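Coordinate analysis (summary)
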Amino acid sequence: MKKYLIFLGAIMLLVFSANVVNAEGSVDDGADDVFHHYVSAGTGGWEGSATRTNIDIKEVSYAVDGAQLTLTLKVYGNIQNSENIYYWVSYNSTDAYYWFSWHDSNGTGLAMSTDVGGGLFDYNPTITASGDTIEGVFNVLGDTSNQVLYGYAHEYSEYGDTTKEWWADYAPGSYFPFIGLVNEDGTPISGGDTPPSGSGGTPGFELLTLVAAITIAIIILRKRK
Ligand SMILES: [Ca+2]
C-alpha cells in the first residue's frame, strides 16, 4: 500500500509540475489554400485554393511558460499593416479564453477566465508584429491543459464588406464559416485545406509527460524494493 501511494504520488507530482511549467502546440496550415470570394457579372461565389500572400496562414501556435502564455500567428509572406486586413487568433483552455487581433498596425487582445467563480482577466496582453509573425503574450489564467486553438486572416477590397471581393484563410480550415454551403451556381464551397482533422493540435504533450512520469515512478519504486 505504501509503495502504491508513493507510485501514485510521484505520477501526480510529475504530471502536475510538468504541465504547469510548460506546454505547447500548433496548427500547421498549407500555402495557397485561401478562400476567395469573387464577384462576377453581379453574382458572387467562393473558390478555395486561392493564392493570396500575406494573409495565407502558415501556422498558429501556443506556448505556456510558467505564468506566461504566448499565442503566435505566422503567414506566408509578411504581416500587413493595412486597414483592409484583419488577423485573429483564439485559444480556449480549460479555465480561460484568450484572443488577439491585428488590424492596421494595432494589436488588441484579452484573456478572461471562464471557470465557475473565475473573474480573472488580462486586459493588457502585449501584441507585436514583425516580419511574418504576430505574437501575443498573456498572463496565464488558471488551468491550460485543454486547448482549442484557431486563427484566421481576412483581406477585404472594402473593409468588412462581405458582398464584395474578399479573401479568407482559416487554420484549421474547418473553422471557415461558409464551408459546406453552396455558391450561387450550386457548386459546394470547399476549401484548399486538407480535410478537417477535428483536433488541429500537435498531439502528445500530455501523453509524453505521463509516460515520462510513469517511467520515473517505476524507477523510484524498483529502487525501493
Ligand atoms: Ca494557409
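Residues numbered from 1 in each chain as written. Predicted model: local features only at pLDDT ≥ 70, side-chain atom pairs only at ≥ 80, totals over all residues.

Observations concerning the pairing of strand S3 (residues 43-50)
By the bridge criterion, 6 bridges tie strand S2 (residues 34-40) to S3 in an arrangement that is antiparallel. Following the sheet pairing, Val34 is matched in S3 by Ala50. The antiparallel hairpin formed by S2 and S3 contains 2 residues in its connecting segment, where Ala41 sits at a positive phi of about 50°. (Pairing = 2+ DSSP bridges. Helix = DSSP H or I, 4+ residues; strand = E, 2+ residues; numbered from the N terminus.)

Some thoughts on the nonpolar core
Core analysis: the largest hydrophobic core is formed by 38 residues, its most contacted members being Val60, Tyr87, Tyr98 and Ala168. When near neighbours in sequence (up to four residues on either side) are disregarded, Tyr87 contacts Leu73, Ile79, Ser101, Trp102, Ile134 and Ala153. (Core = buried A, V, L, I, M, F, W, Y, C linked by C-beta atoms within 7 Å. Buried ≥ 20, exposed ≤ 12 C-beta atoms within 10 Å, placed from the backbone. Contact = placed C-beta atoms within 7 Å.)

Some points on unusual backbone geometry
Here the residue pair Ala171 and Pro172 is connected by a cis peptide bond, since its omega of -5° sits within 30 degrees of zero. If you check the backbone angles, Asn54 has positive phi at about 85° while not being a glycine. Look at Asn54 and you get partly exposed, because 17 C-beta atoms sit within 10 Å. Its identity is not glycine, yet Ser105 carries a phi of approximately 75°, on the positive side. Mapped onto the elements, Ser105 comes out in the loop between strand S7 (96-103) and strand S8 (106-113).

Quick notes on the sheet that holds strand S10 (residues 126-130)
Pairing in this open sheet of 5 strands is antiparallel, and the strands run S1-S4-S5-S11-S10 from one edge to the other. Either end of the sheet is taken by a strand with one partner, and the two such strands are strand S1 (22-28) and S10. For this sheet, the mean angle separating the axes of adjacent strands, direction not counted, is 10°. Sheet analysis places S10 next to strand S11 (residues 133-139), joined by 5 bridges and oriented antiparallel. Within the sheet, the bridge partner assigned to Thr128 lies in S11 and is Glu135. (Axes fitted to C-alpha atoms, helices over the stretch in contact; angles between N-to-C directions.)

Looking at the environment of Tyr97
Of note, Tyr97 is situated in strand S7. Sequence separation between Tyr97 and Met112 is 15 residues, and the spatial gap between their C-alpha atoms is 5.3 Å. Here Tyr97 is in contact with Asn92, Met112 and Thr114, once residues within four sequence places are set aside.

It is worth stressing that arrangement in space is one thing and function is another; only the former is reported here.
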